[in-house]
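# Structural description and commentary
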Amino acid sequence: GSQVIPAARDAFRALSDARGRLRVPVVFLTNAGNCLRKAKAEELSQALGLQVSPEQVILSHSPLRLFSQFHQKCVLVAGQGPVEENALNLGFKHVITIEALRKAFPLLDMVDQSRRPKELPPPTTDFPTIEGVILFGEPVRWETSLQLIIDVLLSNGNPGAELEDIPYPHLPVLACNMDLLWMAEAKMPRFGHGTFLLCLENIYKKVTGHELKYEALIGKPSTVTYRYAEYLIKQQAEKQGWKSPIRRLYAIGDNPMSDIYGANLYNSYLKSAHQNQVQAGVKRSPLAGSPQSEEQLEQRKDCNISMESCESILVCTGVYRHSADVPNNPEECVTETVFHGHRDFCFDPNLVEASYIVQDVNDAVQLAFKKENWS
């Protein structure tokens, strides 16, 4: 929401030095995707009273920069806000929006009777074949986006053509932000992009008899998003002159099925990678002296893993609300009985159990300081 949680300002005062500069590498990891990275950084700067750079912000779609194999393809993008600009900034060269597709094929969007063409339009010619679909976030007119995305998948990227055999596997689909629900100023959670994906998946399966497949699911709780966060944390550490490699990440969030699940999943990934490194007999090395581009991250080898763990800290000021006092032992807390995660993420009760549960983000920062023996 737009209202600043008072504890947030306290937390970032604790994280900053006397000149207002962050003493600790920090990234802001959000599943928001219907805005520009720069705009989100400015919003956070104003809200928290410190300078947040775009390089400290990871939107749900930020890791798409790494998926260079799709950047030259003609892609349909769905969402709201500056989706076309976001796609171009991420490296995609040939972008078609839902609105552009609707204008090219006005007979496809028929739910809203007031938007139906009054006369039969001439056939569209020379429209490029769509080679993939990028779902940035929840759109405004769900019925329009659902219809046109299904049309593109059923027609193999040629929605003006007559339907013959349904192609399967279908065109590549990449989706950002799997949150079923999110919390703002309303008393109850609101629909997120995960709800839109749920609709799309069920419509596709009902129409075709097949499961909708994703080439990639990006944003919390996906491992690629947390790995990208680690990469940016390490970049900041280098710029701040940190000599020793970072051993632990602290992931603070209010959503058990997004923030906590993702942090715990990444912790499992780190433990497994570290064990493989030990077994292979590879020695640890400090952070590389020369900075790497974001594009090179995809090619990096995990032969020298310094990160040992990712601790998850759940706060009670958002999606998760704990009515009683905050328990000292998170295992005493009852987690969700209904699985709100995405279809392609298996439910594991251990992954939604936070390492720690505290009241707010300031308590979380103080806990991290205590664990690290920081003043």
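First, a word on what this report is: a plain description of the structure on this page.

What counts, and where the lines are drawn
- Residues numbered from 1 in each chain as written.
- Predicted model: local features only at pLDDT ≥ 70, side-chain atom pairs only at ≥ 80, totals over all residues.
- Heavy atoms only, no water.
- Buried < 20%, exposed > 50% of the residue type's maximum accessible area, 1.4 Å probe, protein only.
- Helix = DSSP H or I, 4+ residues; strand = E, 2+ residues; numbered from the N terminus.
- Pairing = 2+ DSSP bridges.
- Right-handed = clockwise from strand over helix to strand, strands pointing away.
- Phe/Tyr/Trp six-rings, centres within 6.5 Å; stacked < 30°, edge-to-face > 60°.
- Salt bridge = Lys/Arg side-chain N within 4 Å of Asp/Glu carboxyl O.
- Axes fitted to C-alpha atoms, helices over the stretch in contact; angles between N-to-C directions.
- Contact = heavy atoms within 4.5 Å.
- Parallel < 35°, antiparallel > 145°, perpendicular 65-115°, else oblique.
- Left-handed = near helix turned anticlockwise from the far one by under 90°.
- Nonpolar A, V, L, I, M, F, W, Y, C, P; charged D, E, K, R; others polar.
- Expected span 1.5 Å × (residues − 1).
- Polar contact = N/O pair within 3.5 Å; in protein donor to acceptor, adjacent residues only side chain to side chain.

The alternating pattern of strand 10 (residues 248-253) places L249, A251 and G253 on a buried face and R248, Y250 and I252 on a face that is not buried. Pairing of strand 10 with strand 11 (residues 309-315) involves six bridges; the strand directions are parallel. Pairing of Y250 across the sheet is with E311, part of strand 11.

This part takes up the pairing of strand 6 (residues 173-176). Burial along strand 6 is two-sided: V173 and A175 facing one way and L174 and C176 facing the other are all buried. Bridge count for strand 5 (residues 132-135) against strand 6 is three bridges, and the pairing is parallel. Counted as the bridge partner of I134 is L174 from strand 6. Taking the sense of rotation as the criterion, the β-α-β connection linking strand 5, helix 5 (residues 142-154) and strand 6 turns out right-handed.

Here we take up the packing of aromatic side chains. Under the criterion given, the structure shown has 10 aromatic pairs. A centroid spacing of 5.2 Å and a plane angle of 75° characterise the contact between F105 and F127, whose relative ring orientation is edge-to-face. Placement of F105 in the loop between helix 4 (98-104) and strand 5 and of F127 in the loop between helix 4 and strand 5 is noted, with a sequence separation of 22 residues between them. For F105, a relative accessible area of 12% puts it in the buried group. Put simply, the rings of Y226, Y266 and Y269 pair up and form one aromatic cluster.

A few words on the pattern of salt bridges. Per the stated rule, a full pass over the model turns up 14 salt bridges. Across the pair D17 and R21 runs a salt bridge, and its minimum N-O distance is 3.6 Å. With relative accessibility at 28%, the residue D17 sits in the partly exposed group. R343 is paired through a salt bridge with E211; the nearest N and O atoms lie 3.2 Å apart.

Now for the sheet that holds strand 6. Strand pairs in the sheet, formed through backbone hydrogen bonds, run parallel or antiparallel to each other. Pairing is parallel across the open sheet formed by five strands, whose spatial order is 4-3-5-6-9. Unpaired on one side and paired on the other, strand 4 (94-97) and strand 9 (216-218) mark the two borders of the sheet. For this sheet the average axis-to-axis angle between neighbouring strands, irrespective of direction, equals 20°.

Moving on: the environment of V361. With respect to the secondary-structure elements, V361 resides in helix 9 (residues 361-372). Sequence separation between V361 and I5 is 356 residues, and the spatial gap between their C-alpha atoms is 8.8 Å. For V361, the contacting residues outside a window of four places in its chain are A7, A8, A11, I252 and V315.

With that out of the way, let us pick up the sheet that holds strand 12 (residues 356-358). The strand order across the open sheet formed by three strands is 10-11-12, and the pairing between neighbours is parallel. Each having just a single partner strand, strand 10 and strand 12 make up the two edges of the open sheet. Strand-to-strand twist in this sheet, taken as the mean axis angle between neighbours without regard to direction, amounts to 25°. Sitting on the sheet, helix 8 (residues 256-280) is in contact with strand 10 and strand 11, with an inclination near 165° to strand 11.

Now for the packing of helix 5 against helix 6 (residues 193-208). It is the contact of helix 5 with helix 6, at a shortest axis distance of 10 Å, that shows an interaxial angle of 45°. Here helix 6 runs oblique to helix 5, going by the angle between their axes. For the crossing formed where helix 5 meets helix 6, the hand is right-handed. Residues W142, S145, L146, I149, I150, L153 and L154 of helix 5 lie in contact with helix 6, whose contacting residues are T195, F196, C199, L200, I203, Y204, V207 and T208. The residue makeup of the contact of helix 5 with helix 6, split by class, is 12 nonpolar, three polar and no charged.

This next bit is on helix 9. With 12 residues, helix 9 extends 17 Å from end C-alpha to end C-alpha; this agrees with the ideal 16 Å at 1.5 Å per step. Burial in helix 9 covers these residues: V361, N362, A364, V365, L367, A368 and F369. On the buried face of helix 9, the contacting elements are helix 1 (6-15), strand 10, strand 11 and strand 12. A distance of 3.1 Å separates the backbone nitrogen of N362 from a side-chain oxygen at the start of helix 9, and that oxygen is part of D360.

Within the secondary structure, H342 is located in the loop between strand 11 and strand 12. H342 gets classed as buried once you look at its relative accessible area, which sits at 7%. There is a polar contact of 3.0 Å between the side chain of H342 and the backbone nitrogen of D344. Ignoring anything within four residues of it in the chain, the contact list for H342 reads M178, L197, E201, Y214 and L217.

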